[in-house]
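This is what each chain is made of:
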Amino acid sequence: MSNYNEKVSIIGLGLMGSALAGVLLREGYRVTVWNRTPEKADGLIKKGALLAPSAALAIGSSPTVIICVADYEASRSLLSSKETAPFLPGKTVIELSTGTPQEARDAQVWAKEHGIDYLDGAIMATPSQMGRPETLILASGPRSVFDKSEAVLKALAGGLAFLGEAVGNASAVDFAILSFWFGGNIGFLHGVRICEAEGFPVRDFAAMTRAIAPFAGESNEKMAERIFNENYDDSEASVRTCAAALKMIARHASEAGISSEFPDYAYRFLERGMDAGFGEEDLAAAIKIMRTSSAATTAG
Ligand code: NAP
């Protein structure tokens, strides 16, 4: 294999870290692993991974260290112990745990102070999807660090995307996509309740959502254009029309005896747009409601 002898350490062997290690072993890398609960390494050891006795020694074992733990707090606590300090200078650390853009910026500052080349990444896939040609990892940080990390990241995710030198970009886009994703997921679950109530096969409904997915993407691109141009007049579906549909979905929920929580929330959100006087503008104009909601009014 072409990557034979290339050394990579992986810290964190949860569902995702274990999948990352498995892919790199398959690709011929020499993989050293460490996990707080060492038993999770058993299967990987059988496949050829070396188990380091400490996070510090895992860092010491390879020039490139991938860390994939629950969050940046866990990550920092592992990287900044007294034992790890001598091993850090000159290492390339690729952070694949999920965190905020500010945490990525803080991590970059910390890494610089410790002589580490730091790259921030976000995995846009599930463990079983790792290692495929189309799998997406977003990465941001210095171009030079990305360039030297590209081969190992491409082995993990063939669809690897470099989002620029602003180190917070990978987290920012991760959260933006997750926001879109979870919004859709919650709407999907309400759709399942509609199908259950009306006796329509849930699997057939799910298949239809796959078929319309490209249209959702196209619609998002049009909304982005309108938002970028601050022009909501060339509407294909007004705030009022969408609010009316949500009101009907909420009415259906009470007729069918299912929860109306989701359509009620979505309707109330658009109702604020109508109250503010932009009901006849395109749905994208609802961004104005979000822009006027401060963190204080939305928290809690
Ligand atoms: P997981 O299965 O819950 O594993 C969490 C990992 O973090 C374990 O290795 C755990 O060690 C370690 N950990 C947690 N707190 C720690 C601490 N204080 N000190 C040392 N180690 C600690 O989660 P996962 O699915 O692998 O996710 C890992 C990261 O990948 C998360 O940030 C997640 O958001 C991200 N991610 C996951 C997916 C996915 O589909 N799973 C997709 C994209 C991104 P122990 O084994 O000892 O508990």
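It should be noted that the structure appears before, not after, this text.
Heads up: these notes are all about the structure in this document. The residue numbering used here restarts from 1 in each chain and proceeds along that chain's sequence as written. Confidence filtering applies because this is a predicted model: local features only for residues at pLDDT of at least 70, side-chain atom pairs given and counted only at 80 or more, and all residues used for totals across whole chains, interfaces and linings. In computing side-chain values, all of the structure's heavy atoms are included and hydrogens and water are not.

1. Observations regarding the packing of aromatic side chains
The test is simple: The criterion for an aromatic pair is that two Phe, Tyr or Trp rings (for Trp, the six-membered ring) have centres within 6.5 Å, with stacked assigned to planes under 30 degrees apart, edge-to-face to planes over 60 apart and tilted to the rest. Numbering of helices and strands runs from the N terminus; a helix is a DSSP stretch of H or I covering at least four residues, while a strand is a stretch of E covering at least two. Relative accessibility under 20% of the residue-type maximum defines a buried residue, over 50% an exposed one, and the middle range a partly exposed one, all with a 1.4 Å probe and only protein chains included. Counted as over-ring charges are cases with an Arg CZ or a Lys NZ within 6 Å of the ring centre that also lie within 35 degrees of the ring normal.
In this structure the tally under the stated criterion is 2 aromatic pairs. Look at Phe-188 and Phe-205: their rings are 5.1 Å apart centre to centre, the planes differ by 10 degrees, and that puts the pair in the stacked class. One end of the pair, Phe-188, is in helix H7 (residues 169-198); the other, Phe-205, is in helix H8 (residues 202-229), with 17 residues separating them in the sequence. Classification of Phe-188 as partly exposed rests on a relative accessible area of 28%. The lysine or arginine in question, Lys-288, covers the ring of Phe-278, its NZ or CZ lying 4.5 Å from the ring centre.

2. Looking at the side chain of Thr-32
Stated precisely, the cut-off is as follows: By definition in these notes, contact holds between two residues if any of their heavy atoms fall within 4.5 Å.
Tracing the sequence through the fold places Thr-32 in strand S2 (residues 30-34). By relative accessible area, which is 6% here, Thr-32 ends up buried. Every residue in contact with Thr-32, bar those within four places of it in the chain, is listed here: Val-8, Ser-9, Ile-10, Leu-50, Ala-52, Ala-58, Ser-61 and Ser-62.

3. Some details on the nonpolar core
Our working rule: What we call a nonpolar core is a set of buried Ala, Val, Leu, Ile, Met, Phe, Trp, Tyr and Cys residues that are connected through their side-chain atoms within 4.5 Å.
Ranked by size, the top nonpolar core spans 34 residues in total, and within it Ile-10, Leu-20, Leu-24, Ile-66, Met-130 and Leu-156 carry the most contacts. Of all the secondary-structure elements, those providing two or more residues to this core are strand S1 (7-11), helix H1 (15-26), S2, strand S6 (117-123), strand S7 (137-140) and helix H6 (143-156). If you tally residues by element for this core, the top one is H1, at 7 residues. Not counting residues up to four positions away in its chain, the partners in contact with Ile-66 are Val-8, Ser-9, Ile-10, Ile-11, Leu-20, Leu-24, Ile-94, Leu-96, Val-152 and Leu-156. With 20 residues, the next largest nonpolar core counts Ala-55, Ile-67, Ala-104 and Val-167 among its residues.

4. A short note on the pairing of S6
Just so we agree on the cut-off: Whether a crossover is right-handed comes down to one check: with the strands pointing away from the viewer, does the path from the first strand over the helix to the second run clockwise; if it does, it is right-handed. One bridge is not enough; two strands pair if DSSP finds at least two bridges between them.
S6 sits mainly inside the fold: 6 of its 7 residues count as buried. Assessed by its sense of winding, the connection that carries the chain from strand S5 (residues 92-95) through helix H5 (residues 101-113) to S6 is right-handed. Examined bridge by bridge, S6 and S7 share 4 bridges and lie antiparallel to one another. The residue bridging Gly-121 from the neighbouring strand is Ala-139, located in S7.

5. Quick notes on the site of the ligand
Convention followed: Whether a residue is near a molecule or strand is decided by its heavy atoms; if any one of them lies within 4 Å of it, the residue is near. Contacts described as polar in this section are N or O atom pairs within 3.5 Å, which, within protein, must combine one atom able to donate a hydrogen with one able to accept it, while residues neighboring in sequence count only if both atoms come from side chains. The Shrake-Rupley method, run with a 1.4 Å probe sphere, supplies the accessible areas, and residue values consider only the shown protein chains as cover. Three categories are distinguished: nonpolar for Ala, Val, Leu, Ile, Met, Phe, Trp, Tyr, Cys and Pro, charged for Asp, Glu, Lys and Arg, and polar for the others, with Gly belonging to the last.
Close contacts around the ligand come from 20 residues, with Met-16, Asn-35, Thr-37, Lys-40 and Thr-98 the closest. Taking Gly-14, its main chain carries an N or O atom lying 3.1 Å from an oxygen atom of the ligand. Within the side chain of Arg-36, an N or O atom sits 2.9 Å from an oxygen atom of the ligand. Here the ligand, which alone exposes 900 Å², has 72% of that area covered by the protein. Of all elements in the fold, only H1 and helix H4 (72-79) reach the threshold of two or more residues within the shell around the ligand. Of the residues assigned to the shell around the ligand, the class counts are 11 nonpolar, 7 polar and 2 charged.

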